[in-house]
Protein chains: 2
Amino acid sequence: MRIGELSRRSGVPVPTIKYYVREGVLPAGTLTSPNQARYDDGHERRLRLIRALLDVGGLSLSAIAEVLEAVDDPGQPVHKVLGVAAGRIIPEESGKPEESGESGETDEAEEVEAAEGAGPESADAREEVAALLARRGWYVDADNAAARSLAGVLAALHRVGHGAFVELLDVYADAAEPVARADLDYVRRRVAREDLVESVVVGTVLGEAMFGALRRLAHVDASARAYGDPEEAGRWAGA
Amino acid sequence: MRIGELSRRSGVPVPTIKYYVREGVLPAGTLTSPNQARYDDGHERRLRLIRALLDVGGLSLSAIAEVLEAVDDPGQPVHKVLGVAAGRIIPEESGKPEESGESGETDEAEEVEAAEGAGPESADAREEVAALLARRGWYVDADNAAARSLAGVLAALHRVGHGAFVELLDVYADAAEPVARADLDYVRRRVAREDLVESVVVGTVLGEAMFGALRRLAHVDASARAYGDPEEAGRWAGA
DNA sequence: GATAGCGGACAGTCCCACTATCCATAATTC
DNA sequence: GAATTATGGATAGTGGGACTGTCCGCTATC
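Undergrad: Could you clarify how one ought to interpret the protein's contact with DNA strand D in this entry?
TA: Around DNA strand D, 24 residues are found, and the nearest of them are Tyr20(A), Asn35(A), Leu54(A), Ile3(B) and Gly4(B). Of all atoms in DNA strand D that approach within 4 Å of the protein, 68% are sugar or phosphate atoms. The contact in question runs from a phosphate oxygen of DNA strand D to an N or O atom on the side chain of Thr16(A), over 3.1 Å. In this structure, a phosphate oxygen belonging to DNA strand D sits 3.1 Å away from a main-chain N or O atom of Leu61(A). Of all the secondary-structure elements, those providing two or more residues to the surface near DNA strand D are helix H2 (14-23) of chain A together with helix H1 (3-10), helix H2 (14-23) and strand E2 (36-38) of chain B. The leading source of residues in the surface near DNA strand D is H2(A), at five residues. Considering only residue class, the surface near DNA strand D consists of eleven nonpolar, eight polar and five charged.

Here is the structure:
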């Protein structure tokens with residue numbers, strides 16, 4: 001097909017498709033003449049994936065580009081691709097590993113040290129994560145991306161005065177385990193490498209969105225039950 | 001304290017603080033002279049909340065402004081505030097309610113109709129959500145924000161050819177229920193109105209980030225177990 | 001052979017979260 | 001009490017992100 005049909009089928013405007021090709025998230029069509037190219041189902045599929053990652057998953061185009069680059073490189077071992085996927089999916093929150101050497105703040109601001117990067121909360125948070133991993137017996141390296149991301153969240157909770165929220169960590173972890181097992185199971189049913197990799201991306205990104213929506217639905221239900229009054233049914237998540 | 005100290009304590013640059021005041025996310029200090037103002041702990045706390053919502057929660061400043069406006073208005077009934085909070089937290093994905101009247105597409109693109117707004121997937125997805133709500137006996141209005149958001153995710157899954165992923169819906173819902181109960185429990189322990197409202201915001205936003213990180217950690221663990229080989233431990237979520 | 005569509009290049013747009021510069025005044029330091 | 005630094009307020013500028021518009025010369029199709 002030509003670009004116009006691709007646009008019509010996918011709902012993505014022609015200039016936007018051209019833009020995606022320029023940005024490297026979508027492969028160019030195969031040229032049949034100096035100014036004529038063909039696109040196929042693969043392009044359409046890729047386009048739908050891009051839109052889903054962009055609109056539902058909230059990824060940036062550059063993150064998508066990195067993920068898809070790894071997906072498209074047959075030389076990459078699968079587990080590396082998955083690492084890239086998970087890495088780009090995490091919005092690079094706070095938990096950066098910037099260990100020390102934090103000088104340059106106005107002058108003698110070390111006594112306060114409330115910036116995001118480090119601070120006492122971060123060290124505590126990293127310990128909390130390490131303790132969690134040990135407690136649950138998870139086979140996870142304590143400085144991988146997800147662990148640092150979690151530490152960032154915990155540090156943020158402490159900073160906003162809701163350190164008590166971490167009491168729910170084990171409830172959350174209990175919930176995360178079966179979900180992760182189910183995700184893995186879904187992925188294992190794929191056979192082709194491309195399908196496998198793509199399902200990891202889809203599962204990680206859209207799965208997170210799916211759980212988020214379900215959690216909010218469960219909030220509505222739980223508060224409707226807790227507060228009885230149907231007028232107050234929107235107490236947590238609103239009508 | 002004055003703005004400089006507020007900046008030092010919170011780690012937010014002075015011009016940025018001024019900007020937040022302009023944007024209405026942070027109340028102005030109380031003037032002591034035409035060009036001198038005082039800030040207090042409340043400002044610092046608010047500033048930390050803004051940064052957490054921005055950096056960890058991924059909310060936009062305008063979304064934060066809407067949420068905080070509702071939080072700060074003592075005339076707002078609590079459940080309305082919570083509705084606003086949940087509403088702004090959802091990134092306004094795909095599941096918009098644009099029912100019909102979709103004209104204007106190039107010309108006769110109705111046969112294809114692959115744009116995001118409507119399409120056959122959206123109707124199916126809404127039905128799937130309604131079925132889920134009925135199946136689980138959740139007291140939720142089928143057209144609230146979270147339900148539409150979920151429908152958007154399901155529609156996206158179908159569009160990218162991963163409709164099978166929705167088989168995991170009930171696994172996810174099983175996991176969401178205890179999490180939501182724990183969240184509600186956490187919130188109910190708050191007494192002061194402001195604390196209550198803030199903990200809903202924090203719990204909804206940071207809780208989602210926390211679960212996401214835990215899920216990815218559980219992925220790493222689950223695949224380490226499934227694939228045994230420690231070299232492959234990063235199979236799903238990467239080292 | 002007229003018309004519509006195309007590939008490619010590049011400039012322009014809009015939004016967002018800041019960041020920089022000014023200025024007149026206030027606080028602090030010597 | 002003079003010099004230095006900080007402050008509030010206003011306005012302008014920046015850089016990134018995701019497009020969108022326009023042009024050109026060529027190609028496919030009626």
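Undergrad: Before we go on, may I ask you to explain the interface of chain B and chain A in this structure?
TA: The figure often quoted for interface size is the accessible area lost as the parts come together. Contacts between the two partners involve 103 residues from chain B and, on the opposite side, 102 residues from chain A. The contact between chain B and chain A buries some 9,400 Å² in all, and 69% of this surface belongs to carbon and sulfur atoms. A salt bridge links Arg216(A) to Glu208(B); the shortest N-O distance between them is 3.1 Å. There are 24 residue pairs in polar contact (both at pLDDT 80 or more) connecting chain B and chain A. Residue assignment for the side of chain B that touches chain A shows that the elements contributing at least two residues are H1, helix H3 (41-56), helix H5 (78-89), helix H6 (120-136), helix H7 (145-159), helix H8 (169-188) and helix H9 (193-227) of chain B. If one sorts the elements of the side of chain B that touches chain A by residue count, H9(B) sits on top with 29 residues. When grouped by side-chain class, the residues that make up the side of chain B that touches chain A number 59 nonpolar, 20 polar and 24 charged.

Undergrad: Just to check I follow, could you spell out the relation of the copies chain B and chain A for this structure?
TA: What connects the two chain copies is a rotation about an axis and a shift along it. When chain B is brought onto chain A, the operation consists of a screw motion whose angular component is 180° and whose axial shift is 0.0 Å, with 0.1 Å RMSD remaining. Viewed as a symmetry operation, the transformation between the two copies matches a two-fold axis. For chain B, the smallest separation between a C-alpha atom and the rotation axis is recorded for Ala175(B), amounting to 2.3 Å. Interface overlap between copies: 98% of the residues of chain B at the interface are likewise at the interface in chain A, consistent with a symmetric, same-surface contact.

Undergrad: What's the story with the packing of H6(B) against H8(B) in this structure? I'm lost.
TA: Helix packing for two helices is described by the angle between their axes and how far apart those axes are. Residues and elements named next belong to chain B. At a closest axis distance of 12 Å, the pairing of H6 and H8 adopts a crossing angle of 55°. Viewed along their axes, H6 and H8 adopt a mutual orientation that is oblique. Two packed elements cross with a definite hand, and for H6 against H8 that hand is right-handed. The segment H6 lies against H8, with Leu-132, Arg-135 and Arg-136 engaging Leu-169, Asp-170, Ala-173, Asp-174 and Glu-177. Classifying every residue of the contact of H6 with H8 gives three nonpolar, no polar and five charged.

Undergrad: So what exactly am I meant to see when it comes to the packing of H1(B) against H3(B) here?
TA: Residue and element names in this part refer to chain B. Interaxial distance between H1 and H3 falls to 10 Å at its minimum, and their mutual angle equals 40°. With respect to H3, the axis of H1 lies oblique. When the axes of H1 and H3 are compared, the crossing they make is right-handed. Here H1 contributes Leu-6, Arg-9 and Ser-10 to the contact with H3, which in turn contributes Asp-41, His-43, Glu-44, Leu-47 and Arg-48. Broken down by class, the residue content of the contact of H1 with H3 amounts to two nonpolar, two polar and four charged.

Basis of the calculations
Residues numbered from 1 in each chain as written. Chains lettered and ligands numbered in written order. Predicted model: local features only at pLDDT ≥ 70, side-chain atom pairs only at ≥ 80, totals over all residues. Heavy atoms only, no water. Near = heavy atom within 4 Å. Polar contact = N/O pair within 3.5 Å; in protein donor to acceptor, adjacent residues only side chain to side chain. Helix = DSSP H or I, 4+ residues; strand = E, 2+ residues; numbered from the N terminus. Nonpolar A, V, L, I, M, F, W, Y, C, P; charged D, E, K, R; others polar. Contact = heavy atoms within 4.5 Å. Buried area = accessible area lost by both parts, 1.4 Å probe. Salt bridge = Lys/Arg side-chain N within 4 Å of Asp/Glu carboxyl O. Least-squares fit on C-alpha atoms with pLDDT ≥ 70 in both. Axes fitted to C-alpha atoms, helices over the stretch in contact; angles between N-to-C directions. Parallel < 35°, antiparallel > 145°, perpendicular 65-115°, else oblique. Left-handed = near helix turned anticlockwise from the far one by under 90°.

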